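Fold and contact review
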Amino acid sequence: MKNTVQTILSQKQRGEKITMLTAYDYSTAKLVDESGVNSILVGDSLGMVMLGYENTLSVTMEDMLHHTRAVSRGVKNAFLIADMPFMSYETDPKTALENAGRLIKEGGANAVKLEGGCEVCPQIKAICAASIPVCAHIGMTPQSVNAFGGFKVQGRSEETARKIIDDAKAVEEAGACMVVLECVPRELAAVITQQLSIPTIGIGAGADCDGQVLVYQDMLGMFSDFVPKFAKQYRRVGDIMKEAFGEYINEVRAGQFPAENNSYKLDEKILERIMLR
Ligand code: KIV
């Protein structure tokens, strides 16, 4: 069954946890979707895990459209959210709406996600007014890495915790249908989750959020540049891949691959005739 804004909101109301994972390409999106996850995020984290950038700031609208299109072709049931990249929405609500519209119309997403609290509420209102669901993202917002001075936990002081609570209430008031809380103390995430009617989706925000999101390379042990404390490695798929690549290399070198059953046969008579010439 297709997950929608309504089915995800009703999960919060029933106290049923919401699951979200990232995907950036068709094959992975199909696997993630078939696993029964509620929502798939085409995160701008693709800049780091797929494109090898140091942070997410270089990701463009064209990058996001390219990957969102691929993912949308592989998704049947999950609610598909596409990230708005850095500088695609900050300047003004009109630009934000135009770019959000492209991710829906050209990318095939069901909703968009953007980073920020009170300061991006005019953008959230403009996008929601065009019937495009918006997922907000507050706390440690990776696009603000330069302002934060690194990927650091946010909301540990009273002042910053209060600011994050205000941001959460403001994005709900502006019309966001859910909010990602990234790298904030679990107690703060619990307070916000209790005070909002829209679902909170945590990443490094503890178990009391209404749902959880992980970058799939982090949970599968496929990205070794940086392993965040909050990411549990459910499998070490990176090791399995390297093992398989190594086996292939050895078999090719030893003439064991391709075997007979991996090869195509030519009719013997045709073979004889071409050998005679
Ligand atoms: O870009 C991303 O993958 C994200 C998640 C980490 C929430 O924003």
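Residues numbered from 1 in each chain as written. Predicted model: local features only at pLDDT ≥ 70, side-chain atom pairs only at ≥ 80, totals over all residues. Heavy atoms only, no water.

This part takes up the pattern of salt bridges. The full count for this structure, using the stated rule, is 11 salt bridges. A salt bridge links aspartate 208 to arginine 186; the shortest N-O distance between them is 2.9 Å. With aspartate 208 in the loop between β7 (200-203) and β8 (211-214) and arginine 186 in helix α9 (residues 186-195), the pair connects residues that are 22 residues apart, well separated along the chain. Residues participating in the shared-partner salt-bridge network are Glu62, Arg102 and Glu106. (Salt bridge = Lys/Arg side-chain N within 4 Å of Asp/Glu carboxyl O. Helix = DSSP H or I, 4+ residues; strand = E, 2+ residues; numbered from the N terminus.)

Bringing the site of the ligand into the picture now. Thr22, Leu41, Gly43, Asp44, Ser45, Asp83, Lys113, His137, Val180, Ile203, Val213 and Val215 make up every residue found near the ligand. For the ligand, an oxygen atom lies 2.5 Å from a polar atom in the side chain of serine 45. Lysine 113 has a polar side-chain atom sitting 2.8 Å from an oxygen atom of the ligand. Relative to its unbound accessible area of 260 Å², the ligand is 96% covered by the protein chains. More than half of the atoms belonging to the ligand lie within 2 Å of the grid points that define the largest pocket. Across the shell around the ligand, the residue classes tally to 5 nonpolar, 4 polar and 3 charged. (Near = heavy atom within 4 Å. Polar contact = N/O pair within 3.5 Å; in protein donor to acceptor, adjacent residues only side chain to side chain. Areas by Shrake-Rupley, 256 points an atom, 1.4 Å probe, with all protein chains shown as cover. 1 Å grid on protein atoms, 1.4 Å probe; cavity = no way out; pocket = protein on both sides within 12 Å on 5 of 7 lines; lining within 4 Å. Sits in = over half its atoms within 2 Å of the grid points. Nonpolar A, V, L, I, M, F, W, Y, C, P; charged D, E, K, R; others polar.)

Keep in mind these numbers describe shape, not what the thing actually does.
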